[in-house]
Amino acid sequence: MSKNISISDEVYRKLKREKGDRSFSEVIDDRLDESARIADVAGQGILDTESIESVSEDIEELSEGTLNRLEDDAV
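Note that the coordinates shown come from a computational prediction; the quantities given were computed from them, not determined experimentally. (Residues numbered from 1 in each chain as written. Predicted model: local features only at pLDDT ≥ 70, side-chain atom pairs only at ≥ 80, totals over all residues. Heavy atoms only, no water.)

Draft legend 1. Inspection of the pattern of salt bridges at higher detail. Evaluation of the coordinates by the stated rule reveals two salt bridges. Here Glu10 makes a salt bridge to Arg13, at a shortest N to O gap of 3.2 Å. Placement of the pair is Glu10 and Arg13 together in helix α1 (residues 9–19), with a separation of three residues, close to one helical turn. Exposure remark for Glu10: the relative accessible area of 33% places this residue in the partly exposed category. A residue is classified by how much of its surface remains accessible, and Arg13, at 44% relative accessible area, is partly exposed. A salt bridge links Asp30 to Arg22, with the nearest nitrogen and oxygen atoms 2.4 Å apart. Relative accessible area serves as the criterion here: at 26%, Arg22 is assigned to the partly exposed category. (Salt bridge = Lys/Arg side-chain N within 4 Å of Asp/Glu carboxyl O. Helix = DSSP H or I, 4+ residues; strand = E, 2+ residues; numbered from the N terminus. Buried < 20%, exposed > 50% of the residue type's maximum accessible area, 1.4 Å probe, protein only.)

Here you go:
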């Protein structure tokens, strides 16, 4: 049985480089067997600190705007 998953282009390139003649499932399974965290093969940690801070600020501003609109609609 197989499942479809979505991964970033960057993660795909990394897996493809490591793949050789093995299946993607074998590559991921081997990494997980090596006590690697799923985040290591799922593309986590690919943003630098500055990007993370910028995105976090954007999310916070957008969230505040949503809350303000909800409060306005409730009045």
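Moving on from the model shown.
Draft legend 2. The arrangement of the packing of aromatic side chains in detail. Per the stated rule, a full pass over the model turns up one aromatic pair. Where Tyr12 meets Phe24, the ring centres are 5.6 Å apart and the plane angle is 40 degrees; that geometry is what we call tilted. Placement of Tyr12 in helix α1 and of Phe24 in helix α2 (residues 24–33) is noted, with a sequence separation of 12 residues between them. With relative accessibility at 30%, the residue Phe24 sits in the partly exposed group. Lying over the aromatic face of Phe24, Lys19 brings its terminal NZ or CZ to 5.3 Å of the ring centre. (Phe/Tyr/Trp six-rings, centres within 6.5 Å; stacked < 30°, edge-to-face > 60°. Lys NZ or Arg CZ within 6 Å of the ring centre and 35° of its normal.)

The analysis is restricted to geometry; functional conclusions fall outside its scope.
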